[in-house]
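What follows is each chain in one-letter form.
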Amino acid sequence: MTGASTAARRNVPAFDVEAVRREFPILSTTAHGKKLVFLDSGASAQKSRAVIEAISSVYESRYANIHRGVYQLSQFATEAYEAARVKVQRFIGAGSPSEIVFTKGATEAINLVAATYGVKFLKAGDEIIVSALEHHANIVPWQLLRERNGIVLKVVPVDDTGAFQLDAYERLLSPRTRIVAVTQASNALGIKPPIAAVTRLAHAAGAIVLIDGAQGVVHEPVDVRAMDCDFYVFSGHKLYGPGGIGVLYGKTKLLEAMPPYQGGGDMILSVSFEATEFAPPPARFEAGTPPIADAIGLGAAIDFLNGLDRAAVLAHEEALLAHATAALSAIKGVRLYGTAPDKAAIVSFTLAGVHPHDIGTILDHEGIAVRVGHHCAQPIMDRFGIPGTVRASFGLYNTLDEVDALARGLAKVREIFG
Ligand code: PMP
């Protein structure tokens, strides 16, 4: 064990990571005959037994379509689906369950805001500000709106450490700024923009704020009312929950003012060929049969997280990040991207003379799963003049030993490539 590792181990508070790992069956599987070291939770996190069982139990004994059924099974399913909404509401500190719209994921949630709020309220020349750190999901929907409405998209730059440039942001704000859409944590670099200041300044300029919480909600407790953001989005699958389900939080007065996103069943009060009356939020934005079992599974993931000491989880992840940063920095030829201090548990790096894909392939043969490439954030790769990086993103179940395994794997890559 390295000195850095010993120090990091001492700093880990009471958090029984081995007990948590036992709740995630996939973590005891192998890859290429080696113990799986899963370091790609930022792309999609693994699922606990509680989540897997909640989903299978819906299909075994509680499944029917929701809202429309008069029979008992449909009522059970409806209650469980609506109970999941309340769990989400409490988990992120929203004021009412009707402020929680279930979507397919963070991507759909942002598209929904762009296609409804954006199309209705923004005119040619109105401005939207995003940051250079954004995932494509928080860039392309606004570009589609630009094509449709002629809005202007402005981008907050980052410095060489990846830090969000607050001064530049202040200068970009103008009386035409309508929306500021910023990530809570960059998926590509881990960097966390100063969300509180971003929101305060946006509101002072008369703009609304959308926070992309896809990488934020998974690491730290979220309180949307304390944050005072207008919209908050995230995906269930990154929060140790199922795929195909995500969340759009919106302040009531905004959701109420927004037109529907899609038309269909469940989003109406009445329909005739002459006129259709839309349901109030959240139903207005949930046309068609939703992913019922997945919403319930997301509720189970939230229950699982609530059962842990989240401050201890966060401290554990910070210890993983600190150890990984120290261990990787000690390897010759490693360059870390995103070195500013305020970060989620993600390390993004290159190794001189070795293509990220080759690194990913060699690590894979050691059982280590990392992500390589541009991480759906090409603009930030362009900012650093690189096509991509290797990214290790940590979840609550990762261990310091796994960080050591990553460092050993990289040493092997170094040996192979000289
Ligand atoms: N934003 C960020 C910061 C992300 O990391 C991701 C997923 N990588 C998304 C948005 C999109 O999430 P999804 O693909 O689950 O819709």
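Residues numbered from 1 in each chain as written. Predicted model: local features only at pLDDT ≥ 70, side-chain atom pairs only at ≥ 80, totals over all residues. Heavy atoms only, no water.

Caption draft 1: View of the sheet that holds strand β4 (residues 100-103). Strand order across the open sheet formed by seven strands is β4-β10-β9-β8-β7-β5-β6, with mixed pairing between neighbours. Taken across any chain shown, the strands that pair with only one partner, and hence form the sheet edges, are β4 and β6 (152-156). Here the average twist between neighbouring strands, direction ignored, is 20°. Summarising the sheet, strand β7 (residues 177-183) and strand β8 (residues 208-212) pair through five bridges and their orientation is parallel. Across the sheet, the residue bridging to I179 is I208, located in β8. On top of the sheet, helix α5 (residues 106-121) reaches β4, β7, β8, β9 (231-235) and β10 (246-250); it is set at about 150° to β9, its chief contact. (Pairing = 2+ DSSP bridges. Helix = DSSP H or I, 4+ residues; strand = E, 2+ residues; numbered from the N terminus. Axes fitted to C-alpha atoms, helices over the stretch in contact; angles between N-to-C directions. Contact = heavy atoms within 4.5 Å.)

Caption draft 2: Quick peek at the packing of aromatic side chains. One pass over the full model with this rule turns up 11 aromatic pairs. Their ring planes at 70° and their centres at 4.9 Å tell us that F24 and Y397 sit as a pair that is edge-to-face. Taken as a pair, F24 in the loop between α2 (17-22) and β1 (30-31) and Y397 in the loop between β17 (389-393) and α15 (400-417) lie far apart in primary sequence, 373 residues in all. When its relative accessible area of 1% is taken as the criterion, F24 is described as buried. Classification of Y397 as buried rests on a relative accessible area of 0%. Aromatic side chains Y117 and F121 sit 4.8 Å apart centroid to centroid with 45° between the ring planes, which places their arrangement in the tilted category. (Phe/Tyr/Trp six-rings, centres within 6.5 Å; stacked < 30°, edge-to-face > 60°. Buried < 20%, exposed > 50% of the residue type's maximum accessible area, 1.4 Å probe, protein only.)

Caption draft 3: Representation of the nonpolar core in the model. In terms of nonpolar packing, the biggest core is built from 64 residues, with I92, Y169, V180 and Y232 touching the most fellow members. Summarising the domain contributions, this core has at least three residues from each of domain 1 (3-41 + 309-417) and domain 2 (52-306). Excluding anything up to four places from it in sequence, Y232 contacts Q184, I211, G213, G216, V217, V222, V224, M227, V247, L248 and Y249. Judged by nonpolar contacts, the second largest core, of 30 residues, contains V37, L39, I368 and V370. (Core = buried A, V, L, I, M, F, W, Y, C linked by side-chain atoms within 4.5 Å. Domains from an automatic or database assignment.)

Caption draft 4: Spotlight on the pattern of salt bridges. If you walk through the whole model with that rule in mind, you get 17 salt bridges. Three or more residues are tied together by salt bridges with common partners; here these are K34, E366 and K412. (Salt bridge = Lys/Arg side-chain N within 4 Å of Asp/Glu carboxyl O.)

Caption draft 5: Quick look at the domain arrangement of the protein. One can read the domain layout of the protein as domain 1 (3-41 + 309-417) and domain 2 (52-306). Averaged C-alpha coordinates put domain 1 and domain 2 at centres separated by 28 Å. Each partner contributes to the roughly 2,700 Å² buried at the junction of domain 1 and domain 2, and carbon and sulfur atoms together form 60% of this total. Taken as a group, R310, I380 and R383 account for 24% of the area that domain 1 buries against domain 2, more than any other trio of residues on that side. Summed over the shared surface of domain 1 and domain 2, the result is two salt bridges. Taking the shortest distance from any N to any O, the salt bridge between D342 and K192 comes out at 4.0 Å. Of all elements in the fold, only α12 (310-329), β14 (346-351) and α14 (378-383) reach the threshold of two or more residues within the side of domain 1 that touches domain 2. With five residues, the top contributor of residues to the side of domain 1 that touches domain 2 is α14. Grouping the amino acids of the side of domain 1 that touches domain 2 by side-chain chemistry returns 17 nonpolar, seven polar and seven charged. (Buried area = accessible area lost by both parts, 1.4 Å probe. Nonpolar A, V, L, I, M, F, W, Y, C, P; charged D, E, K, R; others polar.)

Caption draft 6: Region of the structure containing the sheet that holds β17. Within the open sheet, the four strands sit side by side as β13-β14-β17-β16. Their pairing is antiparallel. The sheet terminates laterally at β13 (334-337) and β16 (371-373), the two strands that pair on one side only. For this sheet, the mean angle separating the axes of adjacent strands, direction not counted, is 30°. Where β13 and β14 come together, four bridges link them in antiparallel fashion. Each residue of the ladder has a partner; that of L336, found in β14, is F349. This element, α12, spans β13 and β14 of the sheet and lies at about 10° to β14.

Caption draft 7: Structural context of helix α8 (residues 195-204). For α8, every residue scored as buried is listed here: I195, A197, V198, T199, L201 and A202. Buried residues along α8 sit in contact with α7 (166-172), β7, β8 and α9 (224-227). A positive phi of about 85° marks G206, the residue just after α8.

Caption draft 8: Representation of the site of the ligand in the model. The full set close to the ligand counts 13 residues, and T107, D212, S235, H237 and K238 are the nearest of them. Expressed as a share of its isolated accessible area of 390 Å², the protein-covered part of the ligand is 85%. Residues belonging to the shell around the ligand are distributed by class as follows: three nonpolar, eight polar and two charged. (Near = heavy atom within 4 Å. Areas by Shrake-Rupley, 256 points an atom, 1.4 Å probe, with all protein chains shown as cover.)

Caption draft 9: Region of interest: a nonpolar patch on the surface. Judged by side-chain polarity, V70, Y71 and L73 come together as a nonpolar surface patch covering roughly 310 Å² of accessible area. Structurally, Y71 can be placed in the loop between α3 (49-62) and α4 (72-92). What makes Y71 partly exposed here is its relative accessible area of 44%. (Patch = residues over 30% accessible without salt bridge, like charges linked within 9 Å, V, L, I, M, F, W, Y side chains within 5 Å.)

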